[in-house]
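# Residue-level structural notes
Residue strings, one per chain:
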Amino acid sequence: MAGTEGGASDLVLRPIGVVRSPVGRGQAMPVNGVPAAVEVFPAYQPGLAHVEENSHLIVLTWFDRAQRDVLQASGRHPRPDGSLRGVFGLRSPDRPNPIGLHVARLVRREGGTCLLDRLDAYDGTPVVDIKRYSPSW
């Protein structure tokens, strides 16, 4: 990534798929997420070769409806004194670059779809990457 703070560099992310979840936008997402799937677009499905050999995956999503101008928030558990916390110390989707990071157990793969034990991302959330995760690391 070229550029410095305040520079004019562009960063381009292309979704490789979408989250398929029973929880839609505007519905309450449980803190620990829900069973969900990642549907990988056909052009990127070759990247799933042998992914089922992994017990867990890291799923990176783009919270496309997040507020990108938020730097402080109360979070799910407000502080007793009412002060706000910086978003870099919270799991809030509202932040300058709303990238979601989810570690999930891979239940199984069905073609271009990875079924996961749980994600805390809404149905239709863009997926920007999938990475291998090993719980023993």
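Every chain begins its residue count from 1, and numbering advances along the sequence as written. Where totals are concerned, whole chains, interfaces and linings use all residues; where local detail is concerned, this predicted model gives features only for residues with pLDDT of at least 70, and gives and counts side-chain atom pairs only at 80 or more. Think of the side-chain values as coming from all heavy atoms in the structure, minus any hydrogens and water.

## Looking at the overall build of the protein chain
- Numbering of helices and strands runs from the N terminus; a helix is a DSSP stretch of H or I covering at least four residues, while a strand is a stretch of E covering at least two. Per the secondary structure count, the protein chain includes zero helices and eight strands.
- In sequence order, the secondary structure elements of the protein chain are arranged as β-β-β-β-β-β-β-β.
- Considered along the principal axes of its C-alpha atoms, the protein chain spans approximately 50 × 40 × 35 Å.
- Residues counted as buried form 35% of the 137 residues belonging to the protein chain. Here the term buried applies to any residue with accessible area under 20% of the maximum for its type, exposed to any over 50%, and partly exposed to those in between, with areas from a 1.4 Å probe on protein chains only.

## A look at the sheet that holds strand β1 (residues 17-20)
- In space, the six strands of this closed barrel follow the order β1-β2-β7-β6-β3-β8, with antiparallel pairing throughout. Averaged over neighbouring strand pairs, the angle between their axes works out to 45° when direction is ignored.
- Note on pairing: two strands pair once DSSP finds at least 2 bridges between them. Alignment of strand β3 (residues 56-62) against strand β6 (residues 99-110), held across seven bridges, turns out to be antiparallel. Directly across from His56, in β6, lies its bridge partner Arg105. Every axis corresponds to a line fitted to the C-alpha atoms, with the helix fit spanning only the stretch in contact, and the corresponding angles, defined between N-to-C directions, vary from 0 to 180 degrees.

## Description of unusual backbone geometry
- The phi dihedral of His50 is positive, around 65°, even though this residue is not glycine.
- When you line up the elements, His50 lands in the loop between β2 (34-40) and β3.

## Regarding the environment of Pro30
- Within the element layout of this structure, Pro30 appears in the loop between β1 and β2.
- Owing to a relative accessible area of 38%, Pro30 belongs among the partly exposed residues under this scheme.

## Notes on a nonpolar patch on the surface
- Together, Leu11, Leu13 and Ile99 give the surface a local cluster of nonpolar side chains, amounting to about 280 Å² of exposed area.
- One can find Leu11 in the segment before β1.
- Taking relative accessible area as the criterion, Leu11 reaches 57% and is therefore assigned exposed. Each patch is built from residues lacking any salt bridge and having more than 30% relative accessible area; the joining distance is 9 Å for like charges and 5 Å for nonpolar side chains (Val, Leu, Ile, Met, Phe, Trp, Tyr). With residues, only the protein chains shown are counted as cover, and all accessible areas are computed by Shrake-Rupley using a 1.4 Å probe. For salt bridges, the criterion is a side-chain nitrogen of Lys or Arg within 4 Å of an Asp or Glu carboxyl oxygen.

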